[in-house]
Amino acid sequence: MLRVYQITLPTPYRVGPVNIYVIKNRPVTLIDTGADTPEAYKVLRHMLALLNVDINDIERLLITHSHPDHAGMAAKIAALSGAVTMSHEIEFQKMAKFEEIIGERVPYLLEMGIGLEELQVIQDDRNEMPGVNMAVEKVRTLTDGDWLEFDEGALQVLHLPGHSPGHLCFYSPEQKFFFSGDFMISHISPNPLLEPDPDHPGRRLPTLGQYLDGLKQVEKLDISVVFPGHGGVFSDYHGVIAGVREHHEQQVNLILNRLKGGELNVYQLCRKVYSGIHGWSVFLGLSEIQANLDWMMEYRLVRSNKRDGIVYYQKTN
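About the cut-offs
- Residues numbered from 1 in each chain as written.
- Predicted model: local features only at pLDDT ≥ 70, side-chain atom pairs only at ≥ 80, totals over all residues.
- Heavy atoms only, no water.
- Buried < 20%, exposed > 50% of the residue type's maximum accessible area, 1.4 Å probe, protein only.
- Helix = DSSP H or I, 4+ residues; strand = E, 2+ residues; numbered from the N terminus.
- Pairing = 2+ DSSP bridges.
- Salt bridge = Lys/Arg side-chain N within 4 Å of Asp/Glu carboxyl O.
- Contact = heavy atoms within 4.5 Å.
- Polar contact = N/O pair within 3.5 Å; in protein donor to acceptor, adjacent residues only side chain to side chain.
- Core = buried A, V, L, I, M, F, W, Y, C linked by side-chain atoms within 4.5 Å.
- 1 Å grid on protein atoms, 1.4 Å probe; cavity = no way out; pocket = protein on both sides within 12 Å on 5 of 7 lines; lining within 4 Å.
- Points joined across faces, edges and corners; volume = space filled by probe spheres on them.
- Nonpolar A, V, L, I, M, F, W, Y, C, P; charged D, E, K, R; others polar.
- Arc of directions from axis to C-beta.

1. Section: the pairing of strand E10 (residues 177–181)
Okay, so step 1: Buried residues dominate E10, accounting for 5 of its 5 residues.
Okay, so step 2: On E10, burial covers both faces: Phe177, Phe179 and Gly181 on one face and Phe178 and Ser180 on the other are all buried.
Okay, so step 3: When strand E9 (residues 168–172) meets E10, the two strands line up antiparallel, connected through 3 bridges. Paired with Ser172 across the two strands is Phe177, which belongs to E10.
Okay, so step 4: The antiparallel hairpin formed by E9 and E10 contains 4 residues in its connecting segment, where Lys176 sits at a positive phi of about 65°.
Okay, so step 5: When E10 meets strand E11 (residues 225–228), the two strands line up parallel, connected through 4 bridges. What sits directly across from Phe178, in E11, is Val226.

Here it is, written out as structure tokens:
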């Protein structure tokens, strides 16, 4: 049986605290690491001591995805403990070029109609946040279907993209534990972030479609407890999945309602749907709107045309 303990760490991000998990079976394992801040590191050391775990005891780091609230301390913990760091290959690539996250998305953002000045505000806001340092020596890439063995139990690796293209979850068929990272959270619907398609230059990944497909896969599992990246643990995963689908339906209807007056670009829609946001939150809002529009284009609920480098959308009926 896996002996699992939750540690909640502070973050400087708007999402609030993040949960990481200690599995005390050998090899002693951390699932995610928290943000790279002195405050988070202090809380981590204190909580590990209460669990009678020394940082040097950690043998394995499992990183659900590359976002800094989940992977920020990976390099520090790996350096102190000698632990091997494991994640999806795509997430390792993203961690290695964390500072370029906006730069490689500029063409897509400009198509949305955002101005250069506000684009710079987003970049400046991002630069003020702690990032991810992936200077680790021992790395192992994980893929869907891999198994991670412990002295008493095992975890199956599930690749569930959408929130991040290499997002991993971990499932114990024996205890029916599901470590969801940001894939499934009880109180919020994960943001389908804007992502370039590495296999098709110039195209975006269909992040919302990927995420919704993943929900179909997870609802077939037999889960007793979900251990999420944020918020409390929960068992009613079918209810959470239903809530996410309802949120998606509401978003689609909201966008269609905003398009009743004619065509709009993504930035204009974002400002109508999320009034008052600024900085990095604008990027998150743009990602949410664009992901929904891409899904709506697939199902022919909207159509688009491009003028002067900016894409505009309108209803199909």
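Next, the rest of the story.
2. Side note on the pattern of salt bridges
Okay, so step 1: By the definition in use, this model includes 12 salt bridges.
Okay, so step 2: For the salt bridge of Glu118 with Arg271, the shortest nitrogen-to-oxygen distance reads 2.4 Å. With a gap of 153 residues between them, Glu118 in helix H6 (residues 116–127) and Arg271 in helix H9 (residues 266–273) connect regions that are remote in the sequence.
Okay, so step 3: Residue Glu118 is classed as buried on the basis of its relative accessible area, which comes to 19%.
Okay, so step 4: Between Asp294 and Arg204 there is a salt bridge, and its shortest N-O distance comes to 2.7 Å. Here the residue Asp294 occupies a position in helix H10 (residues 280–298), and Arg204 occupies one in the loop between E10 and helix H7 (207–218), the gap between them amounting to 90 residues.
Okay, so step 5: For Arg204, a relative accessible area of 22% puts it in the partly exposed group.
Okay, so step 6: Within the structure, one salt-bridge network assembled from shared partners comprises Lys94, Glu104, Arg105 and Glu195.

3. Points about the environment of Tyr108
Okay, so step 1: Looking at where Tyr108 falls in the secondary structure, it is placed in helix H5 (residues 106–111).
Okay, so step 2: Judged by its relative accessible area of 7%, Tyr108 falls in the buried class.
Okay, so step 3: Linking Tyr108 and Ile289, residues 181 residues apart in sequence, is a C-alpha distance of 13 Å.
Okay, so step 4: Ignoring any residue separated from it by four or fewer positions in sequence, one finds Tyr108 in contact with Leu194, Pro196, Gly202, Arg203 and Arg204.
Okay, so step 5: Within the structure, the side chain of Tyr108 is placed 3.2 Å from the backbone oxygen of Arg203, a separation counted as a polar contact.

4. Details of the pairing of E9
Each regular strand shows side chains that alternate between the opposite faces of the sheet.
Okay, so step 1: Of all 5 residues in E9, 5 are buried; the element is thus mostly enclosed.
Okay, so step 2: The alternating pattern of E9 places Leu168, Phe170 and Ser172 and Cys169 and Tyr171 on opposite faces, both of which are buried.
Okay, so step 3: Here strand E8 (residues 153–159) pairs with E9 via 4 bridges, running antiparallel. Paired with His159 across the bridge in E9 is Leu168.

5. Observations regarding the nonpolar core
Okay, so step 1: Core analysis: the biggest nonpolar cluster contains 54 residues, and Leu109, Phe178, Met184, Leu286 and Leu293 have the highest contact counts within it.
Okay, so step 2: For Phe178, the contacting residues outside a window of four places in its chain are Leu158, Leu160, Cys169, Phe170, Tyr171, Met184, Val218, Leu221, Ile223, Val225, Val226 and Phe227.
Okay, so step 3: Formed by 28 residues, the second largest nonpolar core is a distinct cluster that contains Leu61, Ala75, Ile77 and Met95.

6. Focus: the layout of surface pockets
Okay, so step 1: The volume enclosed by the largest pocket comes to roughly 840 Å³.
Okay, so step 2: Lining of the largest pocket is provided by 29 residues; of these, Val15, His163, Asn191, Trp280 and Leu284 occupy positions nearest its centre.
Okay, so step 3: Those elements that provide at least two residues to the lining of the largest pocket are helix H2 (68–71), H6 and H10.
Okay, so step 4: With 5 residues, H10 is the largest single contributor of residues to the lining of the largest pocket.

7. So, empty space enclosed by the protein
Okay, so step 1: In this structure the tally under the stated criterion is 5 cavities of 30 Å³ or more.
Okay, so step 2: Taken as a whole, the second largest cavity spans an internal volume of roughly 70 Å³.
Okay, so step 3: For the lining of the second largest cavity, the secondary-structure elements that each account for two or more residues are H7, helix H8 (237–258) and H10.
Okay, so step 4: Sorting elements by how many residues they give to the lining of the second largest cavity places H8 first, with 4 residues.
Okay, so step 5: Of the residues contributing to the lining of the second largest cavity, the split by class is 5 nonpolar, 5 polar and 1 charged.

8. Structural notes on helix H3 (residues 74–81)
Okay, so step 1: The set of residues buried in H3 consists of Ala74, Ala75, Ile77, Ala78 and Ser81. For H3, the angular spread of the buried residues around the axis is 165°, confining them to a single face.
Okay, so step 2: Elements in contact with the buried residues of H3: strand E3 (29–31), helix H1 (38–50), strand E4 (60–62), H2 and strand E5 (84–88).
Okay, so step 3: Of the residues flanking the end of H3, it is Gly82, one or two places downstream, whose phi is positive at about 80°.

Keep in mind these values describe shape, not function.
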